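Given next are the chains, with one letter for each unit.
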Amino acid sequence: MTATATQPMATCSDECLLRPGNTNCGGCGMSIALNMLGRVLAGENKTFVIPACCGIVTAGAYPTTSYNVPTLAATFAASPAFASGVAAVRDINPDDNSHVICWAGDGGTYDIGMGTLSAAAERNDNIMYFCYDNEIYGNTGGQRSSATPVGAKTTTTPRGKQEGKKDIVAIMAAHRIPYAATLSIAHPADFERKVKNALQIKGLRFFLIHSPCPTGWKSEPSESVELVRLAIGSGLFNLYEVFDGVRYFTNAKPDGTDPAQYYEKQRRFPKDKLDLDAIRANTKREWEYLKRMEKSNPQM
């Protein structure tokens with residue numbers, strides 16, 4: 001159900017961020033993550049700022065909306081700047097205890113929005129930033145972004161992307177923000193713990209969510225959660241958190257799942273372009289790096 005100008009906004013429970021009847025694709029990782037986030041934030045005052053992405057198309061056409069919270073549509077490059085302004089107004093109002101939340105895709109985070117995100121991080125603005133990473137420009141036709149993994153076919157890399165994926169969490173941690181973490185729709189308890197922890201922290205808090213896109217990934221909608229589970233089990237996507245840019249903690253150890261199982265469930269990866277031995281070696285290096293960072297945590 002959507003709300004019109006004459007209908008009340010409260011058309012679903014308080015934990016509902018995304019109303020039923022929205023236009024999102026079946027199996028959309030972003031939709032699943034929004035539902036999970038809504039349960040965690042139930043009872044909290046919150047305002048969303050969303051740039052150009054699938055997340056703002058979700059809202060629908062004015063005067064209707066699929067969102068159950070105040071939502072500001074930002075330009076592609078500037079959702080952190082918009083959110084900083086909203087937070088500044090909140091902070092001068094002693095009765096306003098709301099959380100200002102950016103909800104953005106990988107294009108508006110890794111690429112087009114990187115400048116304003118870096119600026120907000122450098123200022124340590126008191127906002128929460130969630131990147132639902134579907135590894136493509138999903139809203140504009142499935143072009144490659146710097147979040148697209150090596151080997152993936154997109155509309156602009158029809159033979160498979162040649163470059164690797166940008167390490168956005170490391171970039172954000174390098175700003176020495178108070179908290180950065182990865183989230184999984186296949187690990188709801190870890191998801192809830194991290195978000196609730198972040199609610200107690202002031203400053204810029206950054207979250208990266210591995211977000212399957214059946215349309216872009218050429219995968220089955222019913223297998224979206226399983227894909228994320230396989231990514232974590234194989235070490236292709238790791239669950240960890242970073243405090244103050246220097247203290248690392250891993251949250252789920254890869255269980256030895258072969259990365260091949262993850263790739264086999266998606267038709268975006270040409271089989272003749274994948275070097276699975278190199279991928280296995282890289283996932284091992286990435287996990288060993290995180291464990292070294294965790295072991296070297298400073299006493300603070």
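Everything quoted here is computed from the prediction, not taken from an experiment. (Residues numbered from 1 in each chain as written. Predicted model: local features only at pLDDT ≥ 70, side-chain atom pairs only at ≥ 80, totals over all residues. Heavy atoms only, no water.)

**Section: the overall build of the protein**
At step 1: From N to C terminus, the protein includes 11 helices and 8 strands.
At step 2: Here the C-alpha atoms of the protein give a radius of gyration of 19 Å, agreeing with the 19 Å that 2.2 N^0.38 yields for 300 residues.
At step 3: The principal-axis extent of the C-alpha atoms belonging to the protein is close to 55 × 45 × 30 Å.
At step 4: A total of 300 residues make up the protein; the buried ones form 52% of that total.
At step 5: Looking at the protein alone, contacts between residues at least 24 apart form 68% of all its contacts between residues at least 6 apart.
At step 6: As displayed, the protein offers around 13300 Å² of accessible surface, 54% of which is attributable to carbon and sulfur atoms.
At step 7: Seen as two clouds, the 32 positive and the 30 negative side-chain charges of the protein have centres 3 Å apart. (Helix = DSSP H or I, 4+ residues; strand = E, 2+ residues; numbered from the N terminus. Rg over C-alpha atoms; globule rule 2.2 N^0.38 Å. Buried < 20%, exposed > 50% of the residue type's maximum accessible area, 1.4 Å probe, protein only. Contact = heavy atoms within 4.5 Å. Areas by Shrake-Rupley, 256 points an atom, 1.4 Å probe, with all protein chains shown as cover. Lys, Arg positive; Asp, Glu negative; His and termini not counted. Charge placed at Lys NZ, Arg CZ, Asp CG, Glu CD.)

**Looking at the sheet that holds strand β4 (residues 128–133)**
At step 1: Pairing in this open sheet of 8 strands is mixed, and the strands run β2-β1-β3-β4-β6-β5-β7-β8 from one edge to the other. A single partner strand is all that each edge strand has here, and the edge strands are β2 (71–73) and β8 (247–252). Taken pair by pair, the neighbouring strands of this sheet meet at an average axis angle of 20°, ignoring direction.
At step 2: As paired strands, strand β7 (residues 239–243) and β8 are joined by 5 bridges and run antiparallel to one another. Residue pairing in the sheet places E241 in a bridge with F249 of β8. (Pairing = 2+ DSSP bridges. Axes fitted to C-alpha atoms, helices over the stretch in contact; angles between N-to-C directions.)

**Here we look at the packing of helix α3 (residues 79–91) against helix α5 (residues 114–123)**
At step 1: As a packed pair, α3 and α5 sit with axes 7 Å apart at the nearest point and diverge in direction by 40°. Taken together, the axis directions place α3 and α5 in an arrangement best described as oblique. Between α3 and α5, the residues in contact are P80, A81 and S84 and T116, L117, A120 and R123, respectively.
At step 2: Residues of the contact of α3 with α5, tallied by class, amount to 4 nonpolar, 2 polar and 1 charged. (Parallel < 35°, antiparallel > 145°, perpendicular 65-115°, else oblique. Nonpolar A, V, L, I, M, F, W, Y, C, P; charged D, E, K, R; others polar.)

**With respect to the state of the cysteines**
At step 1: A complete count under the given rule lists 0 disulfides for this structure.
At step 2: With no disulfide partner, C53 has as its closest neighbouring cysteine sulfur the one in C54, 6.7 Å distant.
At step 3: Just so you know, C102 is unpaired, no disulfide at all, and the nearest cysteine sulfur is the one on C53, 10 Å from it.
At step 4: Take C102: its relative accessible area is 0%, and that puts it in the buried class. (Disulfide = S-S within 2.5 Å.)

**Observations concerning the environment of K273**
At step 1: Within the fold, K273 resides in the loop between α10 (259–264) and α11 (276–295).
At step 2: For K273 and K291, which are 18 residues apart along the polypeptide, the C-alpha to C-alpha distance reads 30 Å.

**Thoughts on helix α9 (residues 224–234)**
At step 1: Of all 11 residues in α9, 8 are buried, a share of seventy percent or more.
At step 2: Against β6 (205–210), α8 (214–217), β7, β8, α10 and α11 lie the buried residues of α9.

**Describing the nonpolar core**
At step 1: In terms of nonpolar packing, the biggest core is built from 82 residues, with L37, F48, W103, F130, V195, F206 and F207 touching the most fellow members.
At step 2: With 6 residues, helix α1 (residues 29–40) is the single largest residue contributor to this core.
At step 3: Setting aside its immediate chain neighbours within four residues, V195 contacts L37, V40, L41, M128, F130, L183 and F207. (Core = buried A, V, L, I, M, F, W, Y, C linked by side-chain atoms within 4.5 Å.)

**Some details on the environment of H99**
At step 1: Within the secondary structure layout, H99 lies in strand β3 (residues 99–105).
At step 2: Considered as a pair, H99 and E44 are 55 residues apart in the sequence and their alpha carbons are 7.6 Å apart.
At step 3: Sequence-distant contacts of H99, that is, excluding residues within four places in its chain, are made with E44, N45, K46, T47, R90 and L199.
At step 4: In terms of polar contacts, H99 uses its side chain to reach the side chain of E44, at 3.0 Å. (Polar contact = N/O pair within 3.5 Å; in protein donor to acceptor, adjacent residues only side chain to side chain.)

**A closer look at the packing of α1 against helix α7 (residues 188–199)**
At step 1: Where α1 meets α7, the closest approach of the two axes is 10 Å, and the angle between their N-to-C directions is 55°. As judged from the angle between their axes, α1 and α7 are oblique. Here α1 runs over α7; the crossing is right-handed. Residues A33, M36, L37 and V40 of α1 lie in contact with α7, whose contacting residues are P188, F191, E192, V195 and K196. (Left-handed = near helix turned anticlockwise from the far one by under 90°.)

**Here's the deal with the confidence of the model for the protein**
At step 1: When pLDDT is averaged along the protein, the result is 93; 96% of the residues meet or exceed 70.
At step 2: Across residues 1–11, where pLDDT falls below 50, the model places 26 contacts with residues more than four positions away in sequence or in other chains. (pLDDT = per-residue confidence, 0-100.)

**Observations regarding α11**
At step 1: Over its 20 residues, α11 extends 29 Å from the first C-alpha to the last, a length consistent with the 28 Å expected when each residue adds 1.5 Å.
At step 2: Of the residues making up α11, those classed as buried are I279, T283, W287, L290 and E294. Down the axis of α11, the smallest arc covering the buried residues is 70°, so these residues share one side. Exposed side chains of α11 directed beyond 90 degrees from the buried face belong to D277, K284, R292 and K295.
At step 3: Close packing links the buried residues of α11 with α9, β7, β8 and α10. (Expected span 1.5 Å × (residues − 1). Arc of directions from axis to C-beta.)

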